[in-house]
Structures are given as C-alpha cells and as structure tokens.
Amino acid sequence: QVQLVESGGGLVQPGGSLRLSCAASGIIFRIGDMGWYRQAPGKQRELVASITSLGMRNYADSVKGRFTISRDNAKNTVYLQMNSLKAEDTAVYLCNAAVVSTWASPNVQHWGQGTQVTVSS
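Quick notes on the rules
- Residues numbered from 1 in each chain as written.
- Predicted model: local features only at pLDDT ≥ 70, side-chain atom pairs only at ≥ 80, totals over all residues.
- Heavy atoms only, no water.
- Helix = DSSP H or I, 4+ residues; strand = E, 2+ residues; numbered from the N terminus.
- Rg over C-alpha atoms; globule rule 2.2 N^0.38 Å.
- Buried < 20%, exposed > 50% of the residue type's maximum accessible area, 1.4 Å probe, protein only.
- Contact = heavy atoms within 4.5 Å.
- Areas by Shrake-Rupley, 256 points an atom, 1.4 Å probe, with all protein chains shown as cover.
- Lys, Arg positive; Asp, Glu negative; His and termini not counted.
- Charge placed at Lys NZ, Arg CZ, Asp CG, Glu CD.
- Pairing = 2+ DSSP bridges.
- Axes fitted to C-alpha atoms, helices over the stretch in contact; angles between N-to-C directions.
- Phe/Tyr/Trp six-rings, centres within 6.5 Å; stacked < 30°, edge-to-face > 60°.
- Lys NZ or Arg CZ within 6 Å of the ring centre and 35° of its normal.
- Disulfide = S-S within 2.5 Å.

### Considerations on the overall build of the protein chain
Next, step 1: When you go through the protein chain residue by residue, the secondary structure sums to 0 helices and 11 strands.
Next, step 2: In the protein chain, the succession of helices and strands from N to C terminus is β-β-β-β-β-β-β-β-β-β-β.
Next, step 3: Relative to a compact globule of 121 residues, whose C-alpha radius of gyration would be 14 Å, the protein chain shows 14 Å and is just as compact.
Next, step 4: Dimensions of the protein chain along its principal axes, counting C-alpha atoms only, are 50 × 25 × 25 Å.
Next, step 5: Within the protein chain, the proportion of its 121 residues that are buried is 40%.
Next, step 6: Contacts spanning at least 24 positions in sequence make up 55% of the contacts within the protein chain whose residues lie at least 6 apart.
Next, step 7: Carbon and sulfur atoms make up 50% of the accessible area of the protein chain, which amounts to about 6,600 Å² in all.
Next, step 8: Positive and negative charge centroids in the protein chain, built from 11 and 7 side chains respectively, lie 3 Å apart.

Written as structure tokens, this is what we have:
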C-alpha cells in the first residue's frame, strides 16, 4: 500500500508565499511523474505543476513564474514553492504520484488527501 501525505497549506495574504510538501510512503520500487493539482469550489480539478523522475518540469500558464516544483527522490517527496500568491490560487491542493511498487508491478496513480490553501487579506 502507498500513501501520499501533504503538508504546508494554510492562510496567507495576497503576495505571500507558501511551501507545500508531499511525502510518499509504503511499498515503493520506483516513482515516476509527480505533480500538484488543485480544485477550487465549483471548479474542475486542474494540473498546477508536474515533474518527471529526471527533473523535467511542466507548469500551468496561470502559475508560471510564481510557482516552482521540485522533488527529492531519496525522500520520495515532492515540493511546491508558491510565491506571489493571489486570491485565485485559493483551492485544495492535491499531490499525485505514479508509483511502481515492485519490479513486476504496473504504474499506479496515487493521490494525497489534499491540503487547503487560502489566499485572503
């Protein structure tokens, strides 16, 4: 069994910063792509940023230049540094990881439980 646990959300003023972390634990042979999604009330879940196991990054246009995704493969952890936060960044942020549990296992998508980010004055 694999678990993803997010941390680092909270309330921040516009223009402020937050750093999210997501640690994967359990039976893990290899982790492929990792990413952060967000879902605001009444809106569809959207990809915020993703990073491959080799460090190639992809960002949503709305966060380019403000957010930075990174990962520590030794710790099975992915981070999201969020700067210059805006009210429209308010959402539940969810971590996603493509995990292979054994050498013979398929690639399985796992999700964290989500962490709330609220940007408000």
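What follows continues from the structure just given.
### Here's the deal with the sheet that holds strand β3 (residues 18-26)
Backbone-to-backbone hydrogen bonds pair the strands of a sheet. The strands run either parallel or antiparallel.
Next, step 1: Within the open sheet, the 4 strands sit side by side as β1-β3-β8-β7. Their pairing is antiparallel. Each edge of the sheet is formed by a strand with only one pairing partner; in this case those strands are β1 (2-7) and β7 (67-72). The sheet shows a mean angle of 15° between the axes of neighbouring strands, taken without regard to direction.
Next, step 2: Direction of pairing for β1 relative to β3: antiparallel, over a ladder of 6 bridges.

### Some remarks on the environment of Asn 73
Next, step 1: Residue placement: Asn 73 occurs in the loop between β7 and β8 (77-82).
Next, step 2: Taking C-alpha positions, Asn 73 is 19 Å from Gly 8, a pair spaced 65 residues apart along the chain.

### Examining the packing of aromatic side chains
Next, step 1: By the definition in use, this model includes 1 aromatic pair.
Next, step 2: A cation over a ring is seen here: Arg 45 above Trp 111, with NZ or CZ 4.6 Å from the ring centre.

### Quick look at the pairing of β3
Next, step 1: Strand direction decides the pairing type here: β3 and β8, joined by 6 bridges, are antiparallel. By the bridge assignment, Arg 19 is partnered in β8 with Gln 81.

### Concerning the side chain of Thr 77
Next, step 1: Its location among the elements puts Thr 77 in strand β8.
Next, step 2: When its relative accessible area of 8% is taken as the criterion, Thr 77 is described as buried.
Next, step 3: When residues no more than four places from it in sequence are discounted, the contact partners of Thr 77 are Cys 22, Ala 23, Met 34, Ser 70, Arg 71 and Asp 72.

### Some points on the state of the cysteines
Next, step 1: This structure, assessed with the given rule, holds 1 disulfide.
Next, step 2: In this model Cys 22 forms its disulfide with Cys 95; the gap between the sulfur atoms is 2.1 Å. When the S-S torsion is -80°, as for the bridge of Cys 22 with Cys 95, the disulfide is left-handed. Of the two residues, Cys 22 sits in strand β3 while Cys 95 sits in strand β9 (residues 91-100), which places them 73 residues apart along the sequence.
Next, step 3: Since its relative accessible area comes to 0%, Cys 95 is described here as buried.

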